Amino acid sequence: MKTIKIRSILIGLLLAALAYSFWYSPSWLKLCYGLALFLFGMQCIEEGLHNTAGGTLEKLIAKSTASSGKGLLFGIGATFILQSSTLVSLLTIAFLSTGLITLAGGIAIILGTNLGATSGIWLLALAGQSISLSPIAIPVVVFGILASFFNNKTKAVGRVLVGIALIFIGIDAIKEGFQAFGGTMDFASFRSGGITEIAIFCGIGLLLTIVLQSSHATLILTLAALAGGQISLAQGFAIAIGSNVGSSASTAFVGMLGSNRNGQRLALAHLVFNTVTAVLSLILWIPLTKAVTGLAGLTGMSQLLQLALFHTLFNLLGLATFWKLQDRLADRLISWLPEKQEAELLAVSDAVVTPRHLHSNMLRSGDTALRALTQEVRHLNALGLEVICHVLFIPAHELYSGSADDGKKLPPPTLPLELDAQKLYEQQIKPLYSQILDFTSKIDIDGEMQQQQLAAVHTAALNMIDIIKESKHLQKNMQRYLQEPESPVYQDYMRLRRHLFRSLQLFRKMSELKGCSEEWKEQSALLTKHIDSLETFRARIMEKLRNNEISGWETSSLMNDTNYAGRIGWGIQEILQTMCLNPAEEKNTEEEAAKAA
C-alpha cells in the first residue's frame, strides 16, 4: 500500500510539474502537443493496419521463413507497411514463442525490420522539408472519421487515415515548437569535443526512445531540431544511433518478460544486433559520416536527407556484419539461454502457479493468441496430472521417470498420508484456470476456424478441471485404506491406484504425439481398453462381497471410487480427442509434414 501511495504521489507531482511547464512556456506546450499527436497517430496506424492485415500477416510470416532471404524480405516489407519495427519485432517474438516460426527464421526477420525502419525515416525527412502538412491532414481526418461508421475493415482503414492525419499535424506542431524555442535551446553550439559529444548524444537518443517507446518519435524530434538549427548534423547522427539501440532495448524488455525461451532468445538477438551495429558505427564514425557528407555534396542533399542516409548506411553495415553469422548467433543464443529443465510443475510452496505462455504480447494476433492458449492448456493438463498423482499418494516425479511404465512397479505410499487435493486445486489449479479464462476473453476472434479452435481448447481446459474435481473425491478413501495394509480392501485400492496411474501415463504419452497419427490412434485404443478393464475390477469386487471377504460398506466405497476412476479415464480420453481435432493442431501437423517433405 505504501509503495502504491508513493507512486501515486510521484505521478501527481510529475503531472503538476508538466502542467506548470506548459503554463510557463507556450513553445514547450506546442512541442509536447505535436509529439503527443505524433505518438497517438503512430498508435492509430499500428492498430488499424494490424486489424486490416493481421490475418494476412500471420499467413505470410509462416511461409516467409523457408530461407534467410525470404525472412529478410518479409521483415523489410512488413516494417515498411506497418511503419513500426517494434510491432513487427514483437509479433515475430510472439510467433516464435508459439512455434509458428523457427529461431533462425526469426533472426532473419529481425535483421529485415531494422532495414525496413529506414523507409519511415526517409518519409519523415522528405515530409520535414519546409512543407506544411496540416492542410492535407484536414480532409484525411474527415475521410477517416467517415470510414469508421462502416464495417470493421473500413473502420480499421479509417483509423489508419486518422493516424496519418494526426502525424501530419503533429509534425507541423513539432516544427513550430522548435522554431519558437529559437536560441533558448541551442545544442548545436555545444562542443565537448570528439567521442564525448557523440557518446552524450547517443545516450540522449537511447533515453528518448525508451521513454517515448518509438524510434520514429525520437527521429522526428531530431529532424525538427536539425531543421530548426538546434542541433548539428553530427549530433543528429549520434541520436539516430542511440535511438536504434533504444528501440531494441524496449522490444527486448517486453520479449524477455512475455515469452518462452525461444522468444527470449530472439529478443536478445535483436538487442545484440542493434548494440553491435551501434558500436561498429561509432568505430567507423569518420568514414561513415564522410561518405554521407561527400554524397550530399555531389547530390545537393539537405541535412534531413543526410540523416536518413546515415540511418540507412549504418543499418546496412549491421546487416552485412550479421548476415553470415545467423546460424552461429542462433547457436550462441541457445547456449546463453538453455532450455529449462522441467520436472515437477506444481509449486512446492504455497506460491500460485502462473501462466507460462500467456502474455499481452500474444494478443497482438488472433492465431498467435490461440496457439499460446493451446500451449497453456497443455500446461494446465500437466499440472492436473500431478494433482491426481497427489490424490493417489504417488510422487509426481514417478510420472516423468518412466520407471513404472505399466504401473506395477509403483512404490507403496509413504506414511503419513495427508489430504492435500483441495488445497492444490484452490492454490494451483483454480488461479491458473482463472487466468486462462481472462486471457480467452481478450482474444480477437476472426472467422469460423478460430471460433472452432477456441471452443476446442476451452472444452479441453474445462474437462481437465472436471477431472481434477472428480479425483478429489477419491483422496479421502485412498488416505483411509492405503494406511491399513491389514484391511481386506487394501489390495483393491492398490490396484485402483495402479490403474489410475497407468491412465495418467497413457495421457502424458499421447499428449506428446503429433496430431492424430497412427501411433496416437494405437495408444488411444490402448487407453480405451484400459478404461474398459474396470468392468473386470467391478466384477471382482462383487465376487468378494458374495464370498463375504469385504463388507457392504467397503464395497460401496470401492464401487463409488471405481466410478470416479472411470469418469477420470473417459475425461482424459475426451480431452485427447478434443486436442487432436483442434483445427490449429491439424494445420500445424500438415505444415510440418510439408516442410519435412
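What counts and what doesn't
Residues numbered from 1 in each chain as written. Predicted model: local features only at pLDDT ≥ 70, side-chain atom pairs only at ≥ 80, totals over all residues. Heavy atoms only, no water. Helix = DSSP H or I, 4+ residues; strand = E, 2+ residues; numbered from the N terminus. Buried < 20%, exposed > 50% of the residue type's maximum accessible area, 1.4 Å probe, protein only. Contact = heavy atoms within 4.5 Å. Areas by Shrake-Rupley, 256 points an atom, 1.4 Å probe, with all protein chains shown as cover. Expected span 1.5 Å × (residues − 1). Arc of directions from axis to C-beta. Polar contact = N/O pair within 3.5 Å; in protein donor to acceptor, adjacent residues only side chain to side chain. Axes fitted to C-alpha atoms, helices over the stretch in contact; angles between N-to-C directions. Parallel < 35°, antiparallel > 145°, perpendicular 65-115°, else oblique. Left-handed = near helix turned anticlockwise from the far one by under 90°. Core = buried A, V, L, I, M, F, W, Y, C linked by side-chain atoms within 4.5 Å. Salt bridge = Lys/Arg side-chain N within 4 Å of Asp/Glu carboxyl O. UniProt positions renumbered as here; feature names shortened; annotations may be inferred. Nonpolar A, V, L, I, M, F, W, Y, C, P; charged D, E, K, R; others polar. Phe/Tyr/Trp six-rings, centres within 6.5 Å; stacked < 30°, edge-to-face > 60°.

Looking now at the overall build of the chain. Assigned secondary structure in the chain consists of 23 helices and zero strands. Evaluated residue by residue, the chain yields a buried proportion of 51% over its 597 residues. Pairs at least 24 residues apart make up 80% of the contacts formed inside the chain by residues separated by at least 6 positions. Accessible surface, the chain: about 28000 Å² in total, of which carbon and sulfur atoms supply 62%.

With 19 residues, helix α8 (residues 194-212) extends 28 Å from end C-alpha to end C-alpha; this agrees with the ideal 27 Å at 1.5 Å per step. Buried within α8 are the following residues: Glu197, Ile198, Phe201, Cys202, Gly205, Thr209 and Leu212. When α8 is viewed along its axis, its buried side chains cluster within an angular range of 135° and face the same direction. Exposed and facing more than 90 degrees away from the buried side of α8 are Ile195, Leu207 and Val211. Positioned one or two residues after α8, Gln213 has a phi angle of 60°, which is positive.

Okay, the environment of Gly158 next. Relative to the assigned elements, Gly158 resides in helix α7 (residues 152-181). Separated by 18 residues in the primary sequence, Gly158 and Val140 place their C-alpha atoms 9.1 Å from one another. Apart from residues no more than four positions distant in its own chain, Gly158 is found in contact with Gly144 and Ala147.

We now examine unusual backbone geometry. Trans is the common state for peptide bonds, and a negative phi is the common state for residues other than glycine. Cis geometry marks the peptide bond from Leu415 to Pro416; its omega dihedral reads 0°. One can find Pro416 in the loop between α16 (397-401) and α17 (421-442). Phi at Phe393 takes a positive value of approximately 60°, unusual for a residue other than glycine. By the element assignment, Phe393 lies in the loop between α15 (366-391) and α16. Phi is positive for Asn548, which is not a glycine, with a value near 60°. Here Asn548 is to be found in the loop between α21 (534-546) and α22 (552-580). Judged by relative accessible area, which is 68%, Asn548 ranks as exposed.

Let us look at the side chain of Ser243. In this fold, Ser243 is placed in helix α10 (residues 233-257). Within the structure, the side chain of Ser243 is placed 2.7 Å from the backbone oxygen of Ala240, a separation counted as a polar contact. When residues no more than four places from it in sequence are discounted, the contact partners of Ser243 are Gly205, Leu206, Thr209, Ser215, Thr218 and Leu219.

Our next topic: the packing of helix α18 (residues 448-482) against helix α19 (residues 490-511). At their nearest, the axes of α18 and α19 sit 10 Å apart, and the two run at 155° to each other. As summarised for this structure, α18 and α19 are arranged roughly antiparallel, according to the angle between their axes. Pair α18 / α19 crosses with left-handed handedness. Facing α18, whose interface residues are Met464, Leu474, Asn477, Met478, Tyr481 and Leu482, α19 presents Tyr490, Tyr493, Met494, Leu496, Arg497, Leu500 and Phe507.

Moving on, we get to the nonpolar core. Ranked by size, the top nonpolar core spans 71 residues in total, and within it Leu373, Leu380, Ile429, Leu482, Tyr493, Leu496 and Ile572 carry the most contacts. Those elements that provide at least two residues to this core are α15, α17, α18, α19, α20 (518-532), α21 and α22. Not counting residues within four places of it along the chain, the set of residues in contact with Leu380 comprises Ile429, Leu432, Tyr433, Ile436, Ala461, Met464 and Ile465. Within the second largest apolar cluster, 43 residues are counted, among which are Leu124, Ile171, Ile239 and Leu304.

Before going further, it helps to spend a moment on the pattern of salt bridges. Here the structure, examined in full by the defined rule, presents six salt bridges. Across the salt bridge formed by Arg508 and Glu512, the nearest N and O atoms sit 3.6 Å from each other. A salt bridge links Glu518 to Lys521; the shortest N-O distance between them is 4.0 Å. You can see Glu518 and its partner Lys521 sitting in helix α20, three residues apart, about one turn around the helix. Taken together, the shared-partner salt bridges connect Asp492, Arg495 and Lys544 into one network.

In this section: the UniProt feature "transmembrane region" (unreviewed entry) in the chain. UniProt feature "transmembrane region" (unreviewed entry): in the numbering of this structure it lies at residues 71-95, 101-124, 131-150, 156-174, 195-213, 219-245, 266-288 and 308-325. Secondary structure within residues 195-213 divides into 95% helix and 0% strand; the distance between the first and last C-alpha atoms comes to 26 Å.

Another point: the packing of helix α11 (residues 261-283) against helix α14 (residues 326-336). Two quantities define a packed helix pair, namely the angle between the axes and the distance from one axis to the other. Running from N to C, α11 and α14 point in directions that differ by 120°, and their axes come no closer than 10 Å. Accordingly, the angle class assigned to the pair α11 and α14 is oblique. Here α11 and α14 pass one another in a crossing that is right-handed. Between α11 and α14, the contacting residues are Arg265, Leu268, Ala269 and Val272 on the first element and Leu329, Leu333, Ile334 and Trp336 on the second. Classifying every residue of the contact of α11 with α14 gives seven nonpolar, no polar and one charged.

Here α15 spans 37 Å end to end across 26 residues, near enough to the 38 Å set by a 1.5 Å rise per residue. Taking burial as the measure, the 26 residues of α15 include 22 buried ones, the bulk of the element. Within two residues after α15, Phe393 carries a phi angle of roughly 60°, on the positive side.

Scanning the model with the defined rule gives eight aromatic pairs in all. Both rings, one in Phe237 and one in Phe310, keep their centres 4.3 Å apart while their planes meet at 15°; by these two values the pair is stacked. Pair noted here: Phe237 is in helix α10 and Phe310 is in helix α13 (residues 303-322), with a separation of 73 residues, a long-range link. Under the relative-accessibility criterion, Phe237 is labelled buried at 2%.

The next subject is the side chain of His499. You can see His499 is positioned in helix α19. Residue His499 is classed as buried on the basis of its relative accessible area, which comes to 10%. Residues contacting His499, with those up to four places away along its chain left out, are His530, Ile531, Ser533 and Leu534.

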